Amino acid sequence: MVSLSVILTAAGVIIAALGDFSFDLFGYSMALTSVLFQTMYLVLVEKSGAEDGHSSVEIMFYNSFLSLPFLLFLIIAIGEFPNSLSLLVAKSNSLSFLVILILSLVMGIALNYTMFLCTIVNSALTTTIVGVLKGVGSTTLGFVLLGGVKVHALNVTGLVINSAGGVWYSYAKYQQKKNKPPKLMSDLEAHRK
């Protein structure tokens, strides 16, 4: 049931993409590259959290620390370093800028924490399906509130199929958990949790 629900979710994405009038090959290739890297990233988070016993906070720390050299290289290679630094210094006197910056940092930390926690507690696949359902909600809100996109019947059909796959996945995982006998653990294991 789980595999079929994932296939249904993917089919919904493909059907919605077929109804995209403004097809951009570069955009779709970047989206597929993003999906590939996010998949590898979530599997790595799942493995390091479950097998090595790291908490969400520890994984966030390691992720930030290990990502910093790559990010710095990219910022310097693209040439954004001097401009972004001078812009940060120029805007640092503005209270509204600092409030928005701090709010953005807090929301980013909360988002990453909940994503890592979801991946450790459940699985990388569950985190991905939750992300898909969030994407359906934000896409629908974008259609309604922002406009500017010609909505085609294939878009709507794809979103409905995508949502049905996500709901089916949730139901299948719930049934698996309900039918699984409870795991008995020692007092030491229960204390560690």
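Worth saying up front: this structure is predicted, and the values here are computed from it rather than measured. (Residues numbered from 1 in each chain as written. Predicted model: local features only at pLDDT ≥ 70, side-chain atom pairs only at ≥ 80, totals over all residues. Heavy atoms only, no water.)

As for the layout of surface pockets
Move 1: The computed volume of the largest pocket comes to approximately 1,700 Å³.
Move 2: If you go around the largest pocket, you meet 48 residues; those closest to its centre are Val13, Val35, Val132, Gly135 and Asn162.
Move 3: Put simply, the parts of the chain that give the lining of the largest pocket at least two residues each are α1 (2-18), α2 (25-52), α5 (95-121), α6 (124-146) and α7 (153-179).
Move 4: Looking at the lining of the largest pocket element by element, the count peaks at 13 residues for α6.
Move 5: Looking at the lining of the largest pocket residue by residue, the classes come out as 26 nonpolar, 19 polar and three charged. (1 Å grid on protein atoms, 1.4 Å probe; cavity = no way out; pocket = protein on both sides within 12 Å on 5 of 7 lines; lining within 4 Å. Points joined across faces, edges and corners; volume = space filled by probe spheres on them. Helix = DSSP H or I, 4+ residues; strand = E, 2+ residues; numbered from the N terminus. Nonpolar A, V, L, I, M, F, W, Y, C, P; charged D, E, K, R; others polar.)

Observations concerning α6
Move 1: For α6, spanning 23 residues, the distance from its first C-alpha to its last is 31 Å, which sits close to the expected 33 Å at 1.5 Å a residue.
Move 2: Of all the positions in α6, only Ala124, Thr126, Thr127, Ile129, Val136 and Gly142 are classed as buried.
Move 3: One or two positions beyond α6, positive phi appears at Gly147, with a value near 65 degrees. (Expected span 1.5 Å × (residues − 1). Buried < 20%, exposed > 50% of the residue type's maximum accessible area, 1.4 Å probe, protein only.)

Brief notes about the packing of aromatic side chains
Move 1: Scanning the entire structure with this criterion turns up two aromatic pairs.
Move 2: A centroid spacing of 6.0 Å and a plane angle of 15 degrees characterise the contact between Phe61 and Phe65, whose relative ring orientation is stacked. Highlighted residues: Phe61 and Phe65, both in helix α3 (residues 56-78), separated by four residues, approximately one helical turn.
Move 3: Accessibility expressed as a relative area gives 51% for Phe61, which makes it exposed.
Move 4: The exposed category is assigned to Phe65, whose relative accessible area is 56%.
Move 5: Of the aromatic side chains, those joined through ring pairs into one cluster are Phe61, Tyr62 and Phe65. (Phe/Tyr/Trp six-rings, centres within 6.5 Å; stacked < 30°, edge-to-face > 60°.)

Examining the confidence of the model for the chain
Move 1: Summarising the model, the chain shows a mean pLDDT of 82, and 92% of its residues fall at 70 or more.
Move 2: The spread of mean pLDDT over the elements of the chain runs between helix α8 (residues 187-192), the lowest at 50, and α5, the highest at 90. (pLDDT = per-residue confidence, 0-100.)

Let's talk about the nonpolar core
Move 1: Grouped together as the largest cluster of nonpolar side chains are seven residues: Leu42, Val45, Ile59, Met60, Met115, Phe116 and Ala124.
Move 2: Every element with two or more residues in this core is listed here: α2, α3 and α5.
Move 3: Sequence-distant contacts of Ile59, defined by excluding residues within four places in its chain, comprise Val45, Ser48, Gly49, His54, Phe116 and Ile120. (Core = buried A, V, L, I, M, F, W, Y, C linked by side-chain atoms within 4.5 Å. Contact = heavy atoms within 4.5 Å.)

Quick notes on the packing of α6 against α7
Describing two packed helices takes the angle between their axes plus the distance from one axis to the other.
Move 1: Interhelical geometry of α6 versus α7 gives an angle of 145 degrees and a closest axis separation of 10 Å. Helix-helix and strand crossings are classified by hand; for α6 and α7 the assignment is left-handed. Contacts from Leu125, Thr126, Ile129, Val132, Leu133, Val136, Thr139, Thr140 and Phe143 of α6 reach α7 at Asn155, Leu159, Asn162, Ser163, Gly166, Val167, Tyr169 and Lys173.
Move 2: Counted by class, the contact of α6 with α7 contains nine nonpolar, seven polar and one charged residues. (Axes fitted to C-alpha atoms, helices over the stretch in contact; angles between N-to-C directions. Left-handed = near helix turned anticlockwise from the far one by under 90°.)

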